[in-house]
Amino acid sequence: MLRSGCTISDLIKPRFVKFAPSLTALFIQMNKLAVRTILFLLLVQPLGAISQQAEQEYDEIAVYMRIQGVGAFEINGYYSYESNRLYLPVVELFQFLKINQTASADYGEIKGFLIDEQRTYSIDHTKRTISIDGKTLALQAADLLKTETGLYLNSGVYGPAFGLYCTFHFRSLSVELKTDLELPAIREMRLQQMRQNFEHLRGKVTADTTLGRRYHFFRFGMVDWALSATQQTDNLADNRAQLGMGGELLGGETNLFLNYSSREGFDGRNQHYQWRWANNQSSLLRQVRAGKIGTISIASIYDPFVGVSLTNAPTTYRRSFGSYTLSNFTEPGWTVELYINNVLVDYQTADASGFYSFNAPLVYGASQVMLKFYGPYGEERTREQNINIPFNFLPKGELEYTVSGGVIQSADQSFYSRAEAKYGINRFITLGGGMEYLSSIASRPEIPFLSAAITPFNNFMISGEYAHGVRTKALLSYRLPSNLMFDFDYTFYEKGQQAIRFNYLEERKATLAIPVQLKWMRGFARFSYRQNIYEMLTYNTADMTFSTNFGPVNANLMGYASWIDRKTPYVYGNLAMGLRLGKGFTIRPQTQFDVSNREVVSFKTEVEKKIQRLGFFSISYENNIRMAYQSVDFSFRWDLRYSQTNLALRLSKNSVTSTQGARGSLAFGSGNNYIHIDNRSAVGRGGITIIPFLDINHNRVRDKEEPIVSGLRVKINGGRMLRERSDSINRVIEMEPYACYLLELDESGLENISWQIKNKAISVYIDPNQFKKIEIPVFPMGEANGRVYLQDSKGLKGLGRIVVNFYRSDGSLFRKVLSESDGFVTFLGLEPGDYYAKIDSDQLKRLKMISIPESILFTIQPMENGDIADGLDFILKPAPSEEGLPIEKTSGQDN
């Protein structure tokens, strides 16, 4: 019976207190045993190369190591449950970080240097010391763990000794490594990224292989078509049709455009045809054009020109211009990074005086150059500037020429020719000159000319041209770092010249462009003034434009003025606004007003509705008060997959006008008898067809019995990717002919893990007016499996971290593979053929062991899903001269 006032807890408590220590100890031991058992079953296996005492205290585990600035990888370490310590292999970790290291045969000592060759280090297992920077760090016995396959350090030692601070997360079995050192691996990755950025700015690509241009005698590929019809009250209807055809003839791009009008019929002047041969890899001759070609001329030519042109200018815009030295001073020891168009291209540390210098790459167009400065205590500064390289500048030492000649389709069929050459003297000066000839100029048909482009300092450019007996012109352009831009254009015409059909004596034009940036608004303002000087008078014009956006509203105000000599100018303007109302609605009111006479000339309001992403519908009303004209317009546009269609209707007081139109394209030759129908133009463009096939016999040629495979993932830096579910072919269209594209392939989507691709980055030059067929061989690779065992007095057990070499039949080394913690060895990636496997002889010498058998022959057969060679098992045991000696060395504890 319980005494009065006594509870059950009062009786139990003394007994619980008495046995609590024993129960607590038992509970802790049971938890340790459970945790170790679970980890053993799921993650770890004992390593036979450790002594019997060590096997009871250490287990090998695979941990996921994350390294700041480098990436992540899996590494095998040892974990001690008693001390809750993780041991990481020195050699393997330093190899990944690219830290210099050399280990003795028994891994008793590791030497090397840390980043700087003067900063040597030494890890001595026997003395339990780490020497670095002339200092010696004494270690505890539990800080070191040595096996016959490596030396391991407590993860907490790497920080104080080498500045590699490791944090072990037991729950996720991961290690996070942080360091302030710029390790060789980090520097290499950063330099590699900068090189890629540099090549990206220069327009170059890095690829495993390159597919150049293919030239064909004849190939037909692309068709464009367009139809339109217009009907108007009391007027004849006008129906128009256009047919464009693109192909390749005699290795050159051939384009033909036929135009028909119900009013004019087939007018020869409206038919266009051109043949172009191009090879951008050639330096002497890159383009040959024939047919109706455009030309830049000094003389006035308004009729079509039929002729031939030769040039060494590339078909694509130049990207790379050259380089220049950018140097200055900052604080000593600060890190300076150079960015061009927000891309990091170089970095360095300022010297003892604060001086830094970069060899900065230049590209055509406007480039934003930014320098970032980082101090030792977290300071950060930036400096920006803009550099503009116009396309009329050539890189230093480069010569570009163009020669053309032919007939003008005018009434007198005059002959025209032009020869021009330009040369880049240096980064600041490009000079040029040539001769132009036009037979229809009676007084002086030949026109010799000179040209020059100069940049005396950054953001200031002067370009000019002198055409003997015709004109002299100059252009001055200056751009401030704030993007304010000023241009002055001047042209002087020789009196009595007949080449240019103007009767001006001079032309003068000045333009000022100012960006406007406020907290609540951003805009752009432009002012220009122009004078045309005649013999008897001077005609002046001026205009002003201001455009801005604030919220859903954009507004545009334009003003114009014109006057003769010093008379009162006539001034008028136009105000237009756009307001997005939501749900696809936009309203656009605008009005034109006469400032000089203080009256409104006209006003117009348009309401537009966007229909999904495929079409637009709009209605507008216009009232021209001065002309007493009013109209209501309806328009509708819908983009179908195969064509762009449009309908329009205009209602006015005395007439009704309606218009209907449609346009589209056809692309042939993309494979599997597929014809691509699109609503965009295709003539003059190119495409590629990517066909992945299973190359069973590894001959890189698609044979009849080798099928197309699906799941290949494709990425390309241009064009438009087509996704067709009917087949496994990848098609890309709307690509610039003759240009180079980078094609990247990802095999992770393939249905079989043994299917692999060798060239995953391919540089492709596009053929004009056709789909370029690219067959991608997918190789079914073979697999080899086996085990490495250690034989001792207790029998066989799996042995990890043993190097197994795979050799080809000719004796050349194919691959080195490291055995896993349980001795398992596997490798996937063997081509069909004969091989033999062998334990690494150098490692066997260090371990003082022999391998039975010494080598194993095996064959990989060509199979659709890849062949598998099993049973590559090796047994290691002490060498005969060493039998009877212990295999294991100490594991960081006293014997």
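Scroll up a little and you will see the structure.
Okay, so let's go over this structure. Just so it is clear, the model here is predicted, and its values are computed rather than measured.

Definitions and limits used
- Residues numbered from 1 in each chain as written.
- Predicted model: local features only at pLDDT ≥ 70, side-chain atom pairs only at ≥ 80, totals over all residues.
- Heavy atoms only, no water.
- Buried < 20%, exposed > 50% of the residue type's maximum accessible area, 1.4 Å probe, protein only.
- Helix = DSSP H or I, 4+ residues; strand = E, 2+ residues; numbered from the N terminus.
- Pairing = 2+ DSSP bridges.
- Contact = heavy atoms within 4.5 Å.
- Core = buried A, V, L, I, M, F, W, Y, C linked by side-chain atoms within 4.5 Å.
- 1 Å grid on protein atoms, 1.4 Å probe; cavity = no way out; pocket = protein on both sides within 12 Å on 5 of 7 lines; lining within 4 Å.
- Points joined across faces, edges and corners; volume = space filled by probe spheres on them.
- Nonpolar A, V, L, I, M, F, W, Y, C, P; charged D, E, K, R; others polar.
- Phe/Tyr/Trp six-rings, centres within 6.5 Å; stacked < 30°, edge-to-face > 60°.
- Lys NZ or Arg CZ within 6 Å of the ring centre and 35° of its normal.

**Observations regarding the pairing of strand S46 (residues 713-716)**
Successive side chains on a regular strand alternate, one facing one side of the sheet and the next facing the other. Where burial is concerned, the two faces of S46 differ: the one with Val714 and Ile716 is buried and the one with Arg713 and Lys715 is not. Here S46 pairs with strand S49 (residues 740-746) via four bridges, running antiparallel. Counted as the bridge partner of Lys715 is Glu744 from S49.

**Things to note about the environment of Gln368**
In this structure, Gln368 sits in strand S24 (residues 365-374). Distance in space between the C-alpha atoms of Gln368 and Pro481 is 9.4 Å, their sequence separation being 113 residues.

**Quick word on the side chain of His216**
By secondary structure assignment, the location of His216 is in the loop between strand S13 (209-211) and strand S14 (218-232). Leave out the neighbours within four places in its chain, and His216 touches Glu248, Leu249, Leu250, Gly251, Asp767 and Gln770.

**Observations regarding the sheet that holds strand S52 (residues 771-780)**
A sheet is described by the order of its strands in space; here five strands give the open sequence S47-S48-S45-S52-S50, paired in mixed fashion. The outermost strands of the open sheet, each flanked by one partner alone, are strand S47 (720-722) and strand S50 (755-756).

**As for the nonpolar core**
Counting 39 residues, the largest nonpolar core has Tyr158 and Phe162 as the members making the most contacts within it. Ranked by residue count, the leading element in this core is helix H3 (residues 90-97), at five residues. Discounting chain neighbours no more than four positions away, the residues touching Tyr158 are Leu88, Pro89, Val90, Leu93, Phe94, Leu153, Gly163, Leu164 and Cys166. Residues Phe806, Met849, Ala869 and Leu876 belong to the second largest nonpolar core, which totals 25 residues.

**A word on empty space enclosed by the protein**
This model, assessed by the stated rule, comprises three cavities of 30 Å³ or more. Taken as a whole, the largest cavity spans an internal volume of roughly 90 Å³. If you trace the largest cavity, you find 15 residues lining it, with Ala667, Ser681, Ala682, Ile733 and Glu734 closest to the centre. At the level of secondary structure, the elements contributing two or more residues to the lining of the largest cavity comprise strand S43 (656-667), strand S44 (676-678) and strand S48 (730-735). Take the lining of the largest cavity: its biggest share by element is three residues, from S43. In this model, the second largest cavity occupies a volume close to 50 Å³. At the level of elements, strand S53 (782-792) and strand S55 (803-808) are the ones that each hand at least two residues to the lining of the second largest cavity. Considering only residue class, the lining of the second largest cavity consists of eight nonpolar, two polar and no charged.

**Quick word on H3**
The element H3 is extensively covered by neighbouring structure, given that six of its eight residues are classed as buried. For H3, every residue scored as buried is listed here: Val90, Val91, Glu92, Leu93, Phe94 and Leu97. Positive backbone phi, approximately 60°, marks Lys98, located one or two places after H3.

**Focus on unusual backbone geometry**
Note that the residue after Ile852, namely Pro853, is joined by a cis bond; omega there is -5°. With respect to the secondary-structure elements, Pro853 resides in the loop between strand S59 (849-852) and strand S60 (855-860). Its identity as a non-glycine residue notwithstanding, Asn84 has a phi of 55°, on the positive side. Relative to the assigned elements, Asn84 resides in the loop between strand S2 (71-80) and strand S3 (85-89). On the basis of relative accessibility, which here comes to 51%, the residue Asn84 falls in the exposed class. Of note, Arg128 is a non-glycine position whose phi angle comes to about 55°, a positive value. Within the fold, Arg128 resides in the loop between strand S6 (120-124) and strand S7 (129-132). The exposure class of Arg128 is partly exposed, given its relative accessible area of 25%.

**Some words on the sheet that holds strand S5 (residues 109-113)**
Ordered in space as S4-S5-S6-S7-S8, the five strands form an open sheet in which the pairing is antiparallel. Each having just a single partner strand, strand S4 (102-103) and strand S8 (135-138) make up the two edges of the open sheet. Bridging between S5 and S6 involves five bridges; their strand directions are antiparallel. Bridged to Phe113 within S6 is Thr120.

**Here we look at the environment of Ala499**
Position of Ala499 relative to the elements: it lies in the loop between strand S32 (485-493) and strand S33 (506-517). Since its relative accessible area comes to 5%, Ala499 is described here as buried. The sequence separation of Ala499 and Pro445 amounts to 54 residues, and the corresponding C-alpha distance is 8.1 Å. Leaving out residues up to four positions away in the same chain, Ala499 has contacts with Ala299, Ser300, Ile441, Ile447 and Val470.

**Quick word on the packing of aromatic side chains**
Note on aromatic pairs: each is described by the distance of the centres and the angle between the planes. All told, the structure shown has 32 aromatic pairs when counted by the stated rule. Centroid distance Phe636 to Trp638: 6.3 Å. Interplanar angle 10°. Geometry classified as stacked. The exposure class of Phe636 is partly exposed, given its relative accessible area of 29%. Looking at Trp638, the relative accessible area reads 22%, which means it is partly exposed. Geometrically, the ring pair formed by Tyr835 and Phe858 is stacked, given 5.7 Å between the ring centres and 15° between the ring planes. Of this pair, Tyr835 sits in strand S58 (residues 833-839) while Phe858 sits in strand S60, placing them 23 residues apart in sequence. In this structure an aromatic cluster arises from ring pairing among Phe806, Phe814, Phe827, Tyr835 and Phe858. The ring of Tyr215 carries the charged tip of Arg213 above its face, separated from the ring centre by 4.2 Å.

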